[in-house]
Amino acid sequence: MSTVGNSTNIFWHECPVGKLERQNLLNQRGCVVWITGLSGSGKSTLACSLGRELHSRGKLSYVLDGDNLRHGLNKNLGFSPEDRTENIRRVGEVAKLFADAGLICIASLISPYRKDRDACRAMLPDGNFIEVFMNMPLEVCEGRDPKGLYKLARAGKIKGFTGIDDPYEPPLNCEIEIQQTDGVCPAPNEMAGQVASYLGEKGFLQEQ
Ligand SMILES: Nc1ncnc2c1ncn2[C@@H]1O[C@H](COP(=O)(O)OS(=O)(=O)O)[C@@H](OP(=O)(O)O)[C@H]1O
Ligand SMILES: Nc1ncnc2c1ncn2[C@@H]1O[C@H](COP(=O)(O)OP(=O)(O)O)[C@@H](O)[C@H]1O
């Protein structure tokens, strides 16, 4: 195809070393673990704990954290619905490249809109987008409030804060759900273990 989006007269260049060869080199399979949930639900905590767990098993992963990416790649974006959609689209595209590189890419973003997450899922081969829903009640997230943002949002000092005056659409068909048992949240290493077990069962932690 020579026209894509606003680009005309462009051509795809195939490289001689492909995804399969990279995966064989790494003895793993590339995929995207997409962690979604409210601010304070534990997305970054799970992402880091999973990264550590995979590293200890000799598996190469990389964390794409929403907050961090807004310091660089996405620093021209705010929190309007359009900007959030563009934020998710860009991270979806980057995550797809990491998965193609053979890595286990861990993306942790609020990603509040279902259609945006589904668009990222559609970028990847079937089964290679693993959606993890941090299903923590708003009261728990607000009670943690490590950055004091809920307090500011309640005081009207931040407008359009997810869960307060901006929507969060929970996944309908996620692969993994992390939730409390009897009001207790699983410890970070338990959450990471749950995701790592899923990756193992699905064959991502070995070459094909
Ligand atoms: N209005 C508003 N709503 C939600 N969050 C806000 C807002 N303003 C700033 N923040 C901070 O930005 C972090 C979320 O960035 P994301 O890129 O993950 O958001 S999104 O996916 O585009 O919705 C989020 O980080 P986490 O707490 O780690 O989720 C907040 O620290
Ligand atoms: N499983 C957990 N158990 C107890 N506290 C947690 C857990 N996960 C996260 N936290 C705490 O909750 C707060 C928010 O976690 P964080 O990972 O920054 O959330 P998010 O990235 O979704 O905003 C932090 O203070 C963190 O230490």
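Scroll up to find the structure this text is about.
Since we're looking at a predicted model, the values are computed, not measured.

*Asks:* Just checking my understanding: could you explain the packing of helix 2 (residues 43-56) against helix 8 (residues 188-201) for this structure?
*Replies:* The angle between the axes and the distance between the axes are what describe a pair of packed helices. At a minimum axis distance of 8 Å, the contact between helix 2 and helix 8 shows a crossing angle of 60°. Here helix 2 is positioned oblique relative to helix 8, judged by the angle of their axes. Seen from above, helix 2 lies across helix 8 with right-handed handedness. Here Thr 45, Leu 46, Ser 49, Leu 50, Glu 53 and Leu 54 of helix 2 lie close against helix 8, whose contacting residues are Pro 188, Asn 189, Met 191, Ala 192, Val 195, Ala 196 and Leu 199. Counted by class, the contact of helix 2 with helix 8 contains nine nonpolar, three polar and one charged residues.

*Asks:* Sorry if this is basic, but what is going on with the packing of aromatic side chains here?
*Replies:* The geometry of an aromatic ring pair is captured by two quantities: the separation of the ring centres and the angle between the planes. In the structure shown here, the tally under the stated rule is four aromatic pairs. Just above the ring of Phe 204 sits the side chain of Arg 29; from NZ or CZ to the centre is 4.6 Å.

*Asks:* Please clarify how the site of ligand 2 should be interpreted in this entry.
*Replies:* Ligand 2 sits among 14 residues. The nearest are Gly 40, Lys 43, Ser 44, Thr 45 and Pro 186. In the model, an oxygen atom of ligand 2 is placed 2.5 Å from a nitrogen or oxygen of the Thr 45 side chain. Arg 144 places a side-chain nitrogen or oxygen 3.4 Å from an oxygen atom of ligand 2. Notes on ligand 2: free accessible area 560 Å², of which the protein chains cover 71%. When contributions to the shell around ligand 2 are tallied by element, the ones reaching two or more residues are helix 2 and helix 8. The biggest single contributor to the shell around ligand 2 is helix 2, with three residues. By residue class, the composition of the shell around ligand 2 is six nonpolar, six polar and two charged.

Conventions and cut-offs
- Residues numbered from 1 in each chain as written.
- Chains lettered and ligands numbered in written order.
- Predicted model: local features only at pLDDT ≥ 70, side-chain atom pairs only at ≥ 80, totals over all residues.
- Heavy atoms only, no water.
- Axes fitted to C-alpha atoms, helices over the stretch in contact; angles between N-to-C directions.
- Helix = DSSP H or I, 4+ residues; strand = E, 2+ residues; numbered from the N terminus.
- Parallel < 35°, antiparallel > 145°, perpendicular 65-115°, else oblique.
- Left-handed = near helix turned anticlockwise from the far one by under 90°.
- Contact = heavy atoms within 4.5 Å.
- Nonpolar A, V, L, I, M, F, W, Y, C, P; charged D, E, K, R; others polar.
- Phe/Tyr/Trp six-rings, centres within 6.5 Å; stacked < 30°, edge-to-face > 60°.
- Lys NZ or Arg CZ within 6 Å of the ring centre and 35° of its normal.
- Near = heavy atom within 4 Å.
- Polar contact = N/O pair within 3.5 Å; in protein donor to acceptor, adjacent residues only side chain to side chain.
- Areas by Shrake-Rupley, 256 points an atom, 1.4 Å probe, with all protein chains shown as cover.

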